[in-house]
Structure formats: structure tokens, C-alpha cells
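# Inside the fold
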Amino acid sequence: MHSFDGPGRTRPLLRRAALLGAALLAVTAAAPQASAATSGADRGPSGGGLSAVIRYTENGIPHILAQDYAHLGFGTGWAQAADQACVLADGFVTVAGERSRWFGADAATDGSLSSASKNLTSDLYFKGVREAGTVEKLLAAPAPAGPTRDLKELMRGWAAGYNAWLAQNKITDPACKGAAWVRPVSAVDVAARAFAVSVIGGQGRAVDDIAAAQPPARAASLAAGPTTGPTTGPATDPAAAAEAARAFFDTGRYDMGSNAVAFGGSTTANGHGLLLGNPHYPWQGGRRFWQSQQTIPGELNVSGGSLLGTPVVNIGFNEKVAWSHTVATGTPVNLHQLTLDPADPTAYLVDGKPEKMTRRQVSVQVTGGGSPVTRTQWWTRYGPVVTGLGPGLPLPWTAGTAYALNDPNAANLRGSDTALAIGRARSVTGIQDALKRTQGLPWVNTIAADSAGGTLFTQSQVLPRITDELAARCSTPLGRATYPASGLAVLDGARGDCALGSDPDAVQPGVFGPGKAPTLRDAPYAENSNDSAWLANAETPVTGYERIWGTLATPRSLRTRGAVEDVSAMAARGGLTVADLQKQQFANRVPAGDLAAADAAKACAALPGGVATASDGRPVDVSGACAVLAGWDRSADTGSRGALFFDRFWRKLTASTPAKDLWLVPFSAADPVRTPRTLNQAAPGIGRALADTVAELGAAGIAPDAPLGEHQFVVRGGQRLPVPGGTEALGVWNKIEAPWNAAAGGYPEVVHGSSHIQAVGWDGGRCPVARTLLTYGQSSNPNSPHYADQTRLFSQERWVTSRFCERDILASPQLEVVWPRERR
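Described below are features of the structure shown in this document. (Residues numbered from 1 in each chain as written. Predicted model: local features only at pLDDT ≥ 70, side-chain atom pairs only at ≥ 80, totals over all residues. Heavy atoms only, no water.)

## Quick notes on the state of the cysteines
For clarity, the cut-off: Defined by distance alone, a disulfide is two cysteine sulfur atoms within 2.5 Å. Think of it this way: any DSSP run of H or I at least four residues long counts as a helix, any run of E at least two long counts as a strand, and we number them from the N terminus. We call a residue buried when its accessible area falls under 20% of the maximum for its residue type, exposed when it is over 50%, and partly exposed in between, using a 1.4 Å probe and counting protein chains only.
Taken as a whole and assessed by the stated rule, the structure comprises 4 disulfides. Paired through a disulfide, cysteine 604 and cysteine 626 show a sulfur-sulfur distance of 2.0 Å. Across the S-S bond linking cysteine 604 and cysteine 626, the dihedral sits near -75°, which makes this disulfide left-handed. On the criterion of sequence distance, the pair formed by cysteine 604 in helix H17 (residues 591–605) and cysteine 626 in helix H18 (residues 623–631) is long-range, its members being 22 residues apart. The same class applies to cysteine 604 and to cysteine 626, which are both buried. With its sulfur 1.9 Å from that of its partner, cysteine 767 forms a disulfide with cysteine 805. Judged by the sign of its S-S torsion, about -125°, the cystine formed by cysteine 767 and cysteine 805 is left-handed. A residue pair is termed long-range when its members are at least 10 positions apart, and cysteine 767 in the loop between strand S32 (756–761) and strand S33 (769–774) and cysteine 805 in the loop between strand S34 (800–801) and helix H23 (806–810) qualify at 38 residues. Ordering the disulfide-forming cysteines of the protein chain by sequence position, one finds them joined as 1-2, 3-4, 5-6, 7-8.

Structure below.
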């Protein structure tokens with residue numbers, strides 16, 4: 001049930017006929033409450049506080065109706081709090097820099113708003129952001145560099161709605177019931193959360209390294225003597241650095257990803273466009289999506305998924321256009337290698353003149369009420385000094401050299417303005433215009449389709465303005481290794497002529513303008529699965545972009561290859577409908593299986609005596625596995641027998657066997673979708689992987705031909721729900737990532753994967769034709785009826801029919817209307 005102010009829950013069977021009129025009246029009268037004292041008559045709230053009308057339909061999806069952006073933000077904040085109070089409150093503790101105070105300095109964070117390894121480093125970073133006034137300065141910047149008035153009103157209203165829900169309701173979620181850390185928030189807190197999301201691919205991934213950066217001892221500095229320029233660094237091997245940088249920015253290793261495809265009118269049954277969005281995001285924590293419809297009559301009417309704590313719809317659709325995002329390959333940061341003043345390791349030279357670093361002293365309160373922990377951070381004109389990018393790429397601060405991280409998204413609070421502008425667009429041209437005006441997307445591509453049959457792919461993300469020419473002219477030796485491998489430029493910070501510069505169409509200095517973004521318009525299909533823009537359409541490759549945007553003519557992931565095979569075949573077949581999008585989502589085809597299962601079965605059958613040697617040297621009878629591999633249907637459906645065996649086998653094989661030894665036909669840029677291919681049956685790793693898989697499953701009591709769903713599942717309310725789909729290594733469109741736990745039955749919990757899925761089209765009427773699915777449900781609260789309702793649908797490969805138009809909302813058999821208001 002949804003809590004709300006007063007006894008204003010409607011009685012659907014008695015009052016449904018009057019709901020539309022009441023709702024519209026509510027909007028024009030500032031969304032009044034319903035009161036028992038007036039015998040059910042509607043009247044406006046006293047005191048002039050914010051309010052909204054929220055109509056809940058099946059699966060707890062709110063349709064929020066309001067008179068302006070502040071009231072819309074209020075309804076959105078209220079409804080999000082009703083479903084996710086604890087997760088939201090936890091995130092606000094993070095951006096306030098107070099995790100150590102409430103949860104302990106050495107405890108691990110949930111990882112949703114940064115990559116900090118423990119609460120102390122998270123707090124040092126976010127408290128530093130607060131004390132520097134970073135968010136307040138961004139809020140004060142005039143649009144378009146700063147947020148628009150509409151967005152500021154949304155954030156103000158969201159905070160008021162969240163606070164009102166907390167004040168007027170009791171939390172039942174055991175995750176934070178009665179917790180002192182659940183507190184009211186301000187619009188600045190909402191903006192701080194948006195800032196964290198913006199930098200999550202940049203500064204947010206280097207939080208530990210920002211906190212750890214400290215100058216060498218002055219004695220060591222003096223002993224080192226002067227330096228003549230930047231060097232690679234005493235312990236940095238260029239080849240190792242290149243591989244470390246490539247791995248660090250490899251989108252296939254992120255806990256966020258996505259697929260999306262837009263089909264043009266030439267491929268569809270009725271000439272209208274189609275959009276299938278399948279974002280892959282965490283199933284727990286603060287990066288969950290949450291569904292709603294937001295309506296201001298005559299101004300905005302949009303439905304879709306919002307990241308928690310966000311007052312806008314991030315991916316979704318309206319009457320005329322639908323869009324989704326995929327994590328992009330653009331490298332969102334660069335490094336500047338500093339030449340330090342020989343007399344002072346906290347000063348660096350620019351064109352021969354010393355410039356002092358800015359010292360930020362940050363204090364963090366920890367549990368127990370003792371003295372706060374105080375650390376110093378060091379900032380430069382380029383950004384914070386860092387000691388590395390992950391453990392594989394150390395960047396030591398020596399007497400002569402330090403490294404500063406440039407993250408242009410640390411000056412970007414425009415992401416929600418971009419989402420708002422997209423939600424108001426009426427075509428893919430309108431979406432493209434919205435992206436050009438706001439330039440707020442920090443780390444995603446945009447794929448869109450419209451009712452006129454248009455399509456769009458664009459990588460319009462905020463990136464440092466690193467041209468290939470600049471990288472060639474200004475890279476240090478370390479940068480000459482990392483830039484080609486990963487797009488990570490390491491520029492000579494001692495040279496003023498190595499500044500990033502600006503494009504005339506860019507909203508902020510030092511970034512690419514939208515005219516440089518890889519873009520494809522009105523192709524029969526446009527698809528992305530987290531590889532670069534190159535094969536958004538395999539028949540019309542996108543080229544001509546700088547290395548920092550991504551690679552050209554390089555091997556694609558199996559998920560990209562499988563997706564392009566599928567969607568290009570769909571486009572060639574034509575006559576497509578929303579039902580075809582739904583089939584694609586749950587086809588659960590395993591591209592790795594199509595490429596390798598038959599040959600693996602042959603290699604298995606050829607083993608002498610059916611015996612292979614495991615990694616520990618033991619002989620293992622694998623003969624029973626040969627028929628399992630041969631008979632598997634090459635899908636990751638819950639009933640597929642052999643899918644689990646192939647999954648475990650394939651992970652082991654690819655982890656131990658380089659691609660050059662795995663395939664007989666190597667990659668060819670002239671045939672990128674079909675290469676590499678043909679499994680090398682003589683590869684020694686095959687027998688070892690077979691033996692290890694048979695031994696592993698045998699020790700866990702799992703039969704080689706066990707149905708996937710018996711061992712890939714989640715438990716909700718004490719019920720096992722089998723989960724379809726497969727891991728990144730298998731290339732399955734319906735991506736599911738779950739840690740292996742043999743003692744618990746295999747894959748007993750999903751950590752990330754398919755999340756807010758939408759299949760959208762148009763049929764010539766006023767209402768879009770849309771099917772949606774939020775795989776983990778609206779609420780993290782196990783006491784909520786919407787904790788697992790959509791997870792059960794996902795398990796059964798069923799969808800929710802979207803209710804977008806008023807007549808459909810009011811026709812819901814589960815319609816429930818609440819009229820929350822702000823008490824003053």
C-alpha cells in the first residue's frame with residue numbers, strides 16, 4: 001500500500017467515473033487533498049504548500065500530475081521516498097560525507113555513487129566537494145552552463161516531497177527503520193547526488209587515489225635535485241600501463257552497460273519507428289531505476305525510468321519519441337603530468353613559472369564520537385592530484401613528478417536538464433537539438449526512434465577536448481602508451497600550449513562541442529551494446545572520430561556481434577512490431593554457444609577415453625559432458641539444459657586461453673561481425689576447462705544437463721524465482737551478472753544486468769504502444785507489495801502494458817489515487 005497524507009485514498013469502484021475530472025481539477029487548483037471532513041469533496045490545501053496528484057496503476061507505477069515543475073518535483077520526491085526511502089537516505093549520507101560517522105570508517109561502501117573502497121575515503125572526497133562549495137557554484141552558474149530554472153524548481157520540489165513523506169509516514173523497511181541517519185534533505189543535497197552521478201566515471205572512480213595523494217618528504221625532494229621535464233615514472237612500464245589503462249576503461253568490465261536499438265520506418269509494419277531499450281544496471285543500491293510518468297498539462301508528459309534521487313525521467317518515451325542510453329566508450333578524463341618545482345613538491349611549473357597547488361584540508365567525523373580524521377587533498381588548475389587509476393596504473397608522486405586528473409564532468413550539473421529537454425522533444429531531431437543545447441550527458445550514448453519513423457544514434461557525451469593531434473604533440477612517454485590503448489591522454493602539464501582549448505559550439509570550455517560527436521541519423525537500424533560508435537549500423541559504419549571517443553576497426557564484444565546479427569536480420573526481414581522487440585529481449589540466444597558449442601563438443605568427444613586433465617593435475621572423466629554440449633539449444637532460457645555447463649566452461653576457457661589461440665579465423669575489420677570464429681579444437685585449454693567444469697559441478701551436486709533456472713535464480717519472499725539470461729562473456733542480449741556460489745546452488749543472486757526494459761512503438765493513434773519491465777521492482781523494501789512483483793514477471797518473461805494516456809490510466813483495475821501535500 002502507498003502511504004499518503006490524510007484519508008484521501010479513493011474508492012476505485014465507487015468513484016472511478018469522476019476521477020479524470022477530479023484529477024484535472026486538482027491540477028488547476030494546486031493539486032488539492034481529499035478530505036473525509038468534506039464528505040469526499042475536493043478542496044485545495046491551505047498554506048500554499050507544494051502538492052501533486054499521484055495515480056498508481058499495476059505494479060505500483062505512479063502517474064504524477066502537477067501544475068508546474070516545483071509541484072511535479074514534489075510528487076516525484078514523495079513517490080520515490082514511498083518506495084525507496086532507505087536507499088535514498090543511504091545515498092544522501094554518502095554525498096554529505098557522513099558514512100564514517102554512521103557506518104564506520106573502514107566499512108565498505110555500497111559502490112553506487114563512487115568506487116571508494118571504504119567509507120573514510122568516500123567521506124574525504126564528498127566532504128571535500130561540500131566544503132569547496134563545488135555544487136553551489138554549479139547551481140549558481142547561469143544556463144546553459146548551469147541548470148535551468150525548471151530543473152532548479154524540480155530539485156526544490158523533489159527535496160520537499162521527500163521530506164514531506166518522511167515527516168508524514170513511518171518507514172517499514174528494516175534497512176533503515178528507526179535509523180537516525182534518515183534525515184530531511186535540501187535542494188543542494190539533490191544536486192550533490194546529481195553531481196556524484198555525473199563524475200562517477202571520472203573523479204568518482206579515483207576517490208581512493210585522490211584521498212591517498214600526498215607529497216613526498218621535503219628531504220627527499222631536496223635530495224632528488226631538479227628535473228628537466230616529465231618522465232614516465234620510476235616503476236611504470238609503458239606496455240603494462242597501456243594494458244592497465246585499457247582494462248580500467250573497458251566498458252565490458254563495468255557494472256553498468258546496456259543494449260538499445262532503434263528501427264526506422266522502412267523496417268516496421270506501419271512506417272512508425274520502434275525502440276527497444278535494455279539498460280544493464282545494478283539490481284541493488286543507489287543506481288537502481290524507478291518507474292513513473294510525469295505530467296504537467298500542456299508542458300510535459302513523459303514516462304520511463306529515473307535513477308533514484310533524480311527528479312527527471314532518464315530513459316523513456318512520450319507521445320512522439322522514445323529513447324534509451326548505453327554506457328559509452330568515450331574516455332571521460334585525462335591526466336596532466338606535472339613537472340614539480342625542485343624546491344617545493346606542492347608547486348608545479350607551467351611555462352617555467354611555479355604555481356602552487358591548492359591545499360584542501362578535510363575533516364571527517366567517525367563512529368564513536370572521537371576526534372575527527374583529517375586529511376589534506378591537493379588540487380591544481382587541472383584537477384586533483386591522484387596516485388593512480390586503479391591498482392594496475394600507479395601514478396607515484398615523486399620529488400619531480402605528480403599527476404593531476406582532469407574530469408570535465410566535475411563542472412557539469414546539466415545531466416538532468418538534458419533528460420528534461422529530451423522528455424519534451426517531439427522527434428529524433430528534437431532530441432538531437434536537446435543534446436546540443438544542454439550537453440549534459442557524462443558517460444552515455446543516446447539511441448532514439450520517433451513516430452515519424454526516424455532513428456538516431458549519437459555519442460553526445462561530455463569529453464575532454466583531446467584531439468589526436470593534441471595527443472601526438474603533447475603526450476608524455478606514459479601518454480604515448482596509454483592513449484592509443486585506451487583513449488587516456490597524459491599531457492605535459494608544464495606546457496601552456498598543451499591546454500585543451502574549446503570548440504565554438506561547446507557549452508563549457510575544454511570539452512568537445514556536439515558537432516564532433518559520432519552520430520548516425522535515420523538508418524534502418526541503429527544499435528549499441530557498449531562498444532564504440534563504429535558499428536551502430538554494420539552496413540553504414542560510423543567513422544572519422546578522435547581516439548578518445550572510442551576505437552575504429554577493432555574486435556567487437558560477443559554481445560555487440562550477437563546484437564548486430566539479430567537486429568540487422570530483423571531490419572532486413574521488415575514488417576516489425578513491438579511484439580518483435582519483445583521477442584528479441586527474451587530470445588536469450590547465446591552467441592558464444594553458436595560460435596563454439598559444436599566444436600567444443602567435438603573436441604570433447606575426441607579426448608582419449610573421454611578423460612581430460614584438470615588444472616590441479618587430476619584426470620577427470622568428461623565423456624558425459626560431450627552430449628550435453630552437443631544437445632544444448634544454444635539459449636539461456638531458464639529451461640535450457642546445458643546452458644549452465646557451457647557458461648561455466650566458457651568462462652574458464654576464455655579466462656585461460658588468449659583469443660589468438662582460441663580461434664582459427666582471426667578478427668578482420670572487413671568482416672567484424674563474423675570474426676574471429678571457428679574454435680580451435682586443438683587448443684589445450686579446452687580439455688582443462690572441460691575437466692574443471694565437470695569437477696566443479698560434480699562437487700556442487702549439479703548435473704551437467706541441469707536446467708539453467710534451477711541454478712540461476714533469486715529468492716524473494718522465500719520463493720525461488722528462476723532468472724533467464726546470461727553473462728557478458730556469453731554475449732547474451734538479456735545480460736545477467738551473478739556471482740558463482742556453489743554452496744548456495746550456483747548463481748543465487750543477480751548483482752546487475754537487465755533493469756528498466758522498454759519496447760516502444762506507435763500505431764497512428766494518440767497513445768504510444770509500450771511494454772515495460774523493471775526487473776527488480778519498484779521497491780527495495782521487503783514489506784512492499786512491489787518488492788518482487790516485476791521480478792516474478794521477469795522470471796516468466798512477461799511484460800507490463802504501459803498506461804500512458806488518461807483513459808488507460810483511469811481504466812486500471814488497480815487504480816489508486818493519492819493527493820499528498822506539503823504541511824506548513
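## Quick look at the layout of surface pockets
Stated precisely, the cut-off is as follows: Buriedness for pockets is judged along seven lines, at least five of which must meet protein on both sides within 12 Å for an open set on the 1 Å grid over protein atoms alone, while cavities are sets there where a 1.4 Å probe fits but cannot get out, and lining residues have an atom within 4 Å of a point. Grid points are joined across faces, edges and corners, and a volume is the space filled by probe spheres set on the points. In this classification, the charged set is Asp, Glu, Lys and Arg, the nonpolar set is Ala, Val, Leu, Ile, Met, Phe, Trp, Tyr, Cys and Pro, and all remaining amino acids, among them Gly, are polar.
Looking at the largest pocket, its volume works out to about 1400 Å³. Lining the largest pocket are 44 residues, and of these Arg246, Asp250, Pro555, Arg556 and Ser557 sit closest to its centre. Within the residue set of the lining of the largest pocket, elements represented by two or more residues are helix H14 (477–486), helix H15 (558–573), helix H19 (643–656), helix H20 (659–662) and strand S26 (663–665). Here the lining of the largest pocket is composed, by residue class, of 17 nonpolar, 15 polar and 12 charged. Taken as a whole, the second largest pocket encloses approximately 680 Å³ of empty space. Put simply, the parts of the chain that give the lining of the second largest pocket at least two residues each are helix H4 (119–131), helix H5 (134–140), strand S16 (373–380), strand S17 (383–386) and strand S18 (401–406).

## Comments concerning unusual backbone geometry
Each neighbour pair has its own omega, and for alanine 143 with proline 144 the value is 10°, a cis peptide bond. Inspection of the secondary structure assignment puts proline 144 in the loop between H5 and helix H6 (149–168). Here the amide bond leading from threonine 675 into proline 676 is cis, since omega sits at -5°, within 30 degrees of zero. With respect to the helices and strands, the residue proline 676 is situated in the loop between S26 and strand S27 (677–679). Residues other than glycine seldom take positive phi values, yet asparagine 530 does so here, at roughly 80°. Inspection of the secondary structure puts asparagine 530 in the loop between strand S23 (525–528) and H15.

## Details of the sheet that holds strand S31 (residues 752–754)
What counts is decided by this rule: In this description, strands pair whenever DSSP reports at least two bridges between them.
Taking strand neighbours across the sheet as the criterion, the 3 strands line up as S7-S31-S30 in an open arrangement whose pairing is antiparallel. With partners counted over all chains shown, the strands left at the sheet margins are strand S7 (280–282) and strand S30 (736–737), one partner each. As paired strands, S7 and S31 are joined by 3 bridges and run antiparallel to one another. Looking at the pairing, histidine 280 lines up with serine 754 of S31.

## A closer look at the packing of aromatic side chains
In plain terms, the rule: Paired rings are identified among Phe, Tyr and Trp, the last through its six-membered ring, by centres lying within 6.5 Å, and are further divided according to the angle between planes into stacked (under 30 degrees), edge-to-face (over 60) and tilted (the rest). Note on geometry: a ring has a charge over it if NZ (lysine) or CZ (arginine) is within 6 Å of the ring centre and within 35 degrees of the ring normal.
Considering all chains together, one arrives at 21 aromatic pairs under this definition. Measuring from ring centre to ring centre gives 5.9 Å for phenylalanine 92 and tryptophan 158, while their planes differ by 55°; the resulting arrangement is tilted. Taken as a pair, phenylalanine 92 in helix H2 (residues 69–95) and tryptophan 158 in helix H6 lie far apart in primary sequence, 66 residues in all. For the residue pair phenylalanine 92 and tryptophan 158, the accessibility class agrees, reading buried in each case. Relative to phenylalanine 249, the ring of phenylalanine 248 has its centre 4.9 Å away and its plane inclined at 85°; by these criteria the two rings are edge-to-face. Phenylalanine 249 carries the same exposure label as phenylalanine 248, and that label is buried. Cation over ring: arginine 193 sits above phenylalanine 92, and NZ or CZ is 5.2 Å from the ring centre.

## Some thoughts on H17
Convention followed: Here the expected span of a helix is defined as 1.5 Å times the quantity of residues minus one. Throughout, bend refers to the angle between the axes fitted to the seven residues that end at a position and the seven residues that start at it. Any two residues whose heavy atoms approach within 4.5 Å at even a single point are treated as in contact.
Its 15 residues place the ends of H17 22 Å apart at the C-alpha level, agreeing with the 21 Å of an ideal helix rising 1.5 Å per residue. Alanine 597 marks the point of greatest bend in H17, at about 40°. Those residues of H17 that fall on the buried side of the exposure criterion are Pro591, Ala592, Gly593, Ala596, Ala597, Asp599, Ala600, Ala601, Ala603 and Cys604. Along its buried surface, H17 packs onto H15, H18, H19, S26, S27 and helix H21 (684–699).

## Structural notes on the pairing of S17
One ladder, built from 2 bridges, connects S16 with S17; its direction is antiparallel. Its bridge partner lying in S17, threonine 380 is registered against glycine 383. The turn linking S16 back onto S17 is made up of 2 residues. Here S17 pairs with S18 via 2 bridges, running antiparallel. If you follow valine 385 over to S18, its bridge partner there is alanine 404.

## As for the environment of glutamine 814
Mapped onto the fold, glutamine 814 is located in the loop between H23 and strand S35 (816–818). Excluding anything up to four places from it in sequence, glutamine 814 contacts Tyr56, Glu58 and Asn59.

## Regarding helix H12 (residues 428–438)
Considered for burial, the residues of H12 that qualify are Val428, Gly430, Ile431, Gln432, Ala434, Leu435 and Thr438. For H12, the elements touching its buried residues are strand S11 (321–327), helix H11 (415–424), strand S19 (444–450), strand S20 (455–458) and strand S22 (519–521). Once H12 finishes, glutamine 439 follows within two positions and takes phi at roughly 45°, a positive value.

## What about the nonpolar core?
Within soluble globular proteins, side chains that are nonpolar tend to cluster in buried spots. This is how it is decided: Side-chain atoms within 4.5 Å link the members of a nonpolar core, which is a set of buried Ala, Val, Leu, Ile, Met, Phe, Trp, Tyr and Cys residues.
Counting residues in each nonpolar core, the largest one holds 172 residues, and the members touching the most others are Tyr162, Phe195, Phe263, Leu389, Ile431 and Ile466. A total of 15 residues in this core trace back to one element, the largest contributor, which is H2. Non-local contacts of isoleucine 431, meaning those with residues more than four positions away in its chain, are made with Val321, Trp323, Ile422, Ala425, Thr446, Ala448 and Leu456. Counting residues in hydrophobic clusters, the runner-up holds 44 residues, among them Ala596, Phe649, Ala689 and Ala706.

## Regarding the sheet that holds S23
Taken in spatial order, the 6 strands line up as S23-S5-S6-S32-S33-S34 in an open sheet, and their pairing is antiparallel. Each edge of the sheet is formed by a strand with only one pairing partner; in this case those strands are S23 and S34. Two strands pair when backbone bridges link them, and S32 and S33 are joined in this way by 6 bridges, in the antiparallel orientation. Residue pairing across strands places glutamine 758 opposite threonine 772, the latter belonging to S33.

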